[in-house]
Amino acid sequence: MKITIIGTGYVGLVTGACFSEVGHNVICVDCDAQKIELLQGGGIPIYEPGLEELVARNVASGRLSFTASTAEGVEKSDVIFIAVPTPPLDDGAVDLSFIEFVAREIAACMTSYKVIVDKSTVPVKTGEKVEETIKRYCKADCEFDVVSNPEFLREGFAVDDLMNPDRVVIGSTSDRANEAMQKIYQPFNAPIVFTDINSAELIKHAANSFLAMKISYINAVAAICEASGANVEEVANGIGMDDRIGRRFLNASLGFGGSCFPKDLSAFIRISDDLGYDFGLLKEVQKINASQMDRFVKKITDTLWVLKGKTIGVLGLAFKQNTDDVRMSPAIDLCNRLIKEGAFLRVYDPKAMDKAKMVLPDGDVLFVDDMNEVSIGCDALVVATEWPEFKQLDLVKSKEVMTVPIIFDGRNLLDPALVEKLGFTYISIGR
Ligand code: UDX
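Residues numbered from 1 in each chain as written. Predicted model: local features only at pLDDT ≥ 70, side-chain atom pairs only at ≥ 80, totals over all residues. Heavy atoms only, no water.

1. Remarks on the overall build of the protein chain
In step 1: Secondary structure summary: the protein chain contains 16 helices and 14 strands in total.
In step 2: Here the protein chain has a C-alpha radius of gyration of 23 Å; the compact-globule value for 431 residues is 22 Å, and the two agree.
In step 3: Every one of the 431 residues in the protein chain was classed for burial, and the buried ones make up 53%.
In step 4: Summarising the internal contacts of the protein chain: among those between residues at least 6 apart in sequence, 71% fall at separations of at least 24.
In step 5: Only carbon and sulfur atoms are counted for the fraction: they give 52% of the accessible area of the protein chain, which is about 19,200 Å².
In step 6: Averaging the positions of the 45 positive and the 62 negative side-chain charges in the protein chain gives two centres separated by 2 Å. (Helix = DSSP H or I, 4+ residues; strand = E, 2+ residues; numbered from the N terminus. Rg over C-alpha atoms; globule rule 2.2 N^0.38 Å. Buried < 20%, exposed > 50% of the residue type's maximum accessible area, 1.4 Å probe, protein only. Contact = heavy atoms within 4.5 Å. Areas by Shrake-Rupley, 256 points an atom, 1.4 Å probe, with all protein chains shown as cover. Lys, Arg positive; Asp, Glu negative; His and termini not counted. Charge placed at Lys NZ, Arg CZ, Asp CG, Glu CD.)

2. Here's the deal with the sheet that holds strand 12 (residues 380-383)
Pairing between the strands of a sheet comes from backbone hydrogen bonds, and it takes one of two forms, parallel or antiparallel.
In step 1: Taking strand neighbours across the sheet as the criterion, the six strands line up as 11-10-9-12-13-14 in an open arrangement whose pairing is parallel. Two strands close off the open sheet at either side, each with one partner strand: strand 11 (365-367) and strand 14 (425-427). Geometrically, the sheet is characterised by an average inter-axis angle of 20° between neighbouring strands, direction not taken into account.
In step 2: Bridge count between strand 13 (residues 406-409) and strand 14: three bridges; the pairing is parallel. The partner of I407 across the bridge, within strand 14, is Y426.
In step 3: Docked against the sheet, helix 12 (residues 280-304) engages strand 9 (311-315), strand 12, strand 13 and strand 14, running at close to 170° with respect to strand 13. (Pairing = 2+ DSSP bridges. Axes fitted to C-alpha atoms, helices over the stretch in contact; angles between N-to-C directions.)

3. Remarks on the pattern of salt bridges
In step 1: Going through the model one piece at a time under the given rule, you end up with 27 salt bridges.
In step 2: Linking E100 and R104 is a salt bridge whose minimum nitrogen-to-oxygen distance equals 3.0 Å. Here E100 pairs with R104, and both are found in helix 5 (residues 97-109), just four residues apart, close to one helical turn.
In step 3: Judged by its relative accessible area of 30%, R104 falls in the partly exposed class. (Salt bridge = Lys/Arg side-chain N within 4 Å of Asp/Glu carboxyl O.)

4. Focus: helix 5
In step 1: The terminal C-alpha atoms of helix 5, which comprises 13 residues, lie 19 Å apart, in line with the 18 Å expected from a rise of 1.5 Å per residue.
In step 2: Turning to helix 5, its buried residues are I99, V102, A103, I106 and A107. On an axial view of helix 5, the arc spanned by its buried residues comes to 140°, and they lie on one face.
In step 3: Packed against the buried residues of helix 5 are strand 1 (2-6), helix 4 (70-76), strand 4 (79-82), strand 5 (114-118) and helix 6 (126-137). (Expected span 1.5 Å × (residues − 1). Arc of directions from axis to C-beta.)

5. Concerning the environment of V94
In step 1: By the element assignment, V94 lies in the loop between strand 4 and helix 5.
In step 2: Separated by 117 residues in the primary sequence, V94 and L211 have C-alpha atoms spaced 20 Å apart.
In step 3: When residues no more than four places from it in sequence are discounted, the contact partners of V94 are T86, P87, L89, P123 and A267.

6. Describing the pairing of strand 10 (residues 344-348)
In step 1: The element strand 10 is largely enclosed, with a buried count of four among its five residues.
In step 2: Judged from the five bridges that link them, strand 9 and strand 10 form a sheet pairing that is parallel. Counted as the bridge partner of I312 is L345 from strand 10.
In step 3: In terms of handedness, the path from strand 9 via helix 13 (residues 330-340) over to strand 10 forms a crossover that is right-handed.
In step 4: Taken together, the three bridges between strand 10 and strand 11 define a ladder with parallel strand orientation. Its bridge partner being in strand 11, V347 is matched across the sheet by F367. (Right-handed = clockwise from strand over helix to strand, strands pointing away.)

7. Let's talk about the packing of aromatic side chains
In step 1: Going through the model one piece at a time under the given rule, you end up with nine aromatic pairs.
In step 2: Consider the rings of F249 and F261, whose centres lie 6.2 Å apart with planes at 65°: the pair is edge-to-face. Taken together, the positions of F249 in the loop between helix 10 (232-240) and helix 11 (261-274) and F261 in helix 11 put the pair 12 residues apart, joining distant regions of the chain.
In step 3: The exposure class of F249 is partly exposed, given its relative accessible area of 26%.
In step 4: Exposure remark for F261: the relative accessible area of 13% places this residue in the buried category.
In step 5: Three or more aromatic residues joined by ring pairs form one cluster here, namely F19, F81, Y185 and F188.
In step 6: The cationic tip of K351 hangs over the ring face of Y47; the distance from NZ or CZ to the ring centre is 4.5 Å.
In step 7: Seen from the ring of F367, K357 lies directly overhead, with NZ or CZ sitting 5.4 Å from the centre. (Phe/Tyr/Trp six-rings, centres within 6.5 Å; stacked < 30°, edge-to-face > 60°. Lys NZ or Arg CZ within 6 Å of the ring centre and 35° of its normal.)

Set out below in structure tokens:
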């Protein structure tokens, strides 16, 4: 298939690379000419395991190319994917101006039948608006179909998630469009859910909100575990073995973050409001997530008492493992709160240091290049991101160089028995 993807962010770039990997001819378009130049020169604007090799291989095979021209992308392909950002607005609604702009651009360039696929996360009924817009702005009298095909990839596991999806959701009532979509996804050997466009759009918000709810649920259970002396990991294992519940996304933490869950929750609450339903359950999910960070900061202030003049080491700045993304990162939120209380921070992240430098205030933070050097002179060490390598931290050396051996583990990453045996005061979540 000849495919064009408009938008080379996490979703667009990984989708383009994976589609070309299975044999399709893919053109990736972005209005950011600098980004296109970087990609054309073999650079990758984001860190995502396996992506660089995948892009290089498919560019070399001639199946993957990059351009800043939407007209070229629209002309050369039969199926056009829209994968542009849909950022949150202050009132929880979603900014759909990039989608609307791209829809107009596509309409202006179309001269023959096209399937226009929305991959960005959008409120239900956006497809109808895209269809209306394209009809309104299309100069040539040509047919087209609009399809919703939400993406479920997780950052840090994006290539694997895209190559091996649990399911592919295709929202369209056009046989012609469904046939094209089936051809695109056939090589992935995944179950395909064919549905209407509104249901497909809702599936994405309902899925992400459900997963966020799972995390808030276990975080609330963690609070009960702390109050009762139970262990949240034992509880998560025990309930997770029930197939109807499942163990995944039941890891208690200092809260979920990233560019999807917080935004999608707000959007889903707002969409529901607009449709006349008060989704109180999801408001509670947000509330629990916010209080989880408050409870964690309180554990630190209760233990260290005054933070002014104290040095705290922070392991992890990304919003989760395997990524350099710090957008809505709980780790960054935590750093800012500790700085506000007067602490000086020594921080480390395997991939997110450069991006964190752009958002953390100068002067209050020292970026340390080696995770084993972070604890030097610290009154406490905090684990803020679930990077697996933090389990390899040299705890014996850390204890020697710390002013006081206290660890706050916001990801339940370390083994409590081991850490305590080494003489640390160890405080984690719900255990
Ligand atoms: C999420 C969805 O998983 C994905 O399907 C969708 O396409 C985009 O949004 P992503 O934001 O990349 O993906 O990360 P995810 O792995 O879902 O983690 C989100 C946040 O939840 C992170 O901050 C993570 O640390 C936290 N989390 C996750 C927990 O606190 N506990 C868990 O058990 C799982």
